[in-house]
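Spelled out, the chains give:
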Amino acid sequence: MPARSPPESVPSVLFVTILVTGATGNMGVPLVRELCRLGREPRVTTRNARRANSLLPEGVEIVQGDLREPEFLDRALRGVDKLFLFLEAGDPSRVLKAAGRSGVPYVVLVTSLLAETRPRSFVGRLALETERAMWEGGFGGTVLRPWEYASNTLAWARDIREGDVVRQPSRGLPSPVIAPEDVAAVAARALLENHDGRTYALTGPAEITAGDKVQALGAALGRELSFEETADPHLMEKIRTSPEEVAESFGVCFMESPGVRSTVRDITGRPPRPFCDWALDHAESFK
């Protein structure tokens with residue numbers, strides 16, 4: 001399958017081997033599709049090659065295995081020039097060490113904006129430690145720090161399938177949720193352009209509440225949905241006194257917003273997608 005010509009703004013480096021980890025996930029699928037759209041056919045890792053074949057474009061090199069297995073990891077990294085890695089990918093520090101042994105020169109690492117806003121939280125500390133391991137490992141590269149993902153609302157899918165009410169302990173705080181597809185779009189640019197040494201904070205276009213998300217999902221489904229706050233007094237006190245701990249269970253929407261950042265537009269040339277658009281595109285997941 002011949003490679004398509006990339007846009008003029010994307011350097012024509014067609015013989016670079018890009019490895020995408022987590023290729024069948026909410027971020028991996030749109031990233032691989034975007035790379036293919038830009039004329040690149042990456043190598044991908046997955047634990048389910050059949051699923052990868054059903055989701056990803058033709059021409060992608062699929063390597064099946066578990067990133068926690070050293071032999072598989074070394075095989076997947078062989079000859080790789082650029083690695084896409086995210087914080088949830090098993091043990092990212094182990095992957096970085098293996099990448100160093102394999103001579104991978106460049107990494108695009110996705111961590112969390114909690115590294116900036118709540119560096120003492122569990123996720124914030126893990127993000128900073130992983131970023132430090134990357135920079136101290138001698139890699140060139142780019143760090144992406146997204147805020148709350150729109151896809152986190154998939155946790156509500158069962159409630160929405162079974163009824164018209166989403167029940168959560170609290171409405172949380174307004175949060176600039178970002179579509180994984182927008183993180184993927186920035187990641188593709190970081191893999192294909194020169195963003196070496198940069199750290200980018202990523203958010204969606206507007207701060208919205210849990211109630212706003214439920215309304216958008218209802219509109220996408222053509223149903224009237226409502227949000228119900230259970231308001232457990234013990235949890236509410238915990239939210240007030242220990243938001244980092246609560247966020248480990250219920251997400252960063254319980255933390256103060258980092259504000260809307262312009263990075264997606266700055267890097268890709270287009271604004272990030274509003275949550276209502278993400279809801280329309282993923283309505284089938286809630287049916």
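Remember, it's a predicted structure, so these values are computed and weren't measured experimentally.

K.L.:
Sorry, what's going on with the confidence of the model for the protein chain here?
P.N.:
Detailed reading of the predicted coordinates is not advisable wherever pLDDT is low. Residues with a pLDDT of 70 or more make up 87% of the protein chain, whose mean pLDDT is 88. The low-confidence segment residues 1-12 (pLDDT under 50) makes 21 contacts with residues lying over four places distant or belonging to another chain.

K.L.:
Just to check I follow, could you spell out the nonpolar core for this structure?
P.N.:
Proteins that are soluble and globular tend to have nonpolar side chains buried together. Core analysis: the biggest nonpolar cluster contains 34 residues, and Val 20, Leu 31, Phe 84 and Leu 144 have the highest contact counts within it. Those elements giving two or more residues to this core turn out to be β1 (18-20), α1 (28-37), β4 (82-86), β5 (106-110), α8 (180-192), β8 (198-202) and α12 (263-268). Per-element accounting of this core gives the leading share, eight residues, to α8. Each residue touching Val 20, except ones within four places of it in the same chain, is listed here: Leu 31, Val 32, Leu 35, Pro 42, Arg 43, Val 44, Thr 45 and Phe 84. Ranked by size, the runner-up nonpolar core spans 21 residues in total, among them Ala 157, Val 166, Phe 275 and Trp 278.

K.L.:
Before we go on, may I ask you to explain the pairing of strand β3 (residues 61-64) in this structure?
P.N.:
Within a regular strand, the side chains alternate between the two sheet faces. Sheet topology places strand β2 (residues 43-46) next to β3; four bridges connect them, and they run parallel. By the bridge assignment, Thr 45 is partnered in β3 with Val 63. Following the chain from β2 across helix α2 (residues 49-55) to the adjacent parallel β3, one finds a crossover that is right-handed.

K.L.:
It is not clear to me how the packing of aromatic side chains should be interpreted in this structure. Could you clarify?
P.N.:
Remark: the centre distance and the inter-plane angle together describe each pair of aromatic rings, the angle taken between the planes. This model, assessed by the stated rule, comprises three aromatic pairs. Taking the centre distance of 6.3 Å and the plane angle of 35° together, the rings of Phe 84 and Phe 86 count as tilted. The class of Phe 84 is buried, set by a relative accessible area of 0%. A connected cluster of aromatic rings, assembled from ring pairs, spans Phe 275, Trp 278 and Phe 286. The aromatic ring of Tyr 106 is capped on one face by Lys 82, whose charged end is 4.9 Å from the ring centroid.

Basis of the calculations
- Residues numbered from 1 in each chain as written.
- Predicted model: local features only at pLDDT ≥ 70, side-chain atom pairs only at ≥ 80, totals over all residues.
- Heavy atoms only, no water.
- pLDDT = per-residue confidence, 0-100.
- Contact = heavy atoms within 4.5 Å.
- Core = buried A, V, L, I, M, F, W, Y, C linked by side-chain atoms within 4.5 Å.
- Buried < 20%, exposed > 50% of the residue type's maximum accessible area, 1.4 Å probe, protein only.
- Helix = DSSP H or I, 4+ residues; strand = E, 2+ residues; numbered from the N terminus.
- Pairing = 2+ DSSP bridges.
- Right-handed = clockwise from strand over helix to strand, strands pointing away.
- Phe/Tyr/Trp six-rings, centres within 6.5 Å; stacked < 30°, edge-to-face > 60°.
- Lys NZ or Arg CZ within 6 Å of the ring centre and 35° of its normal.

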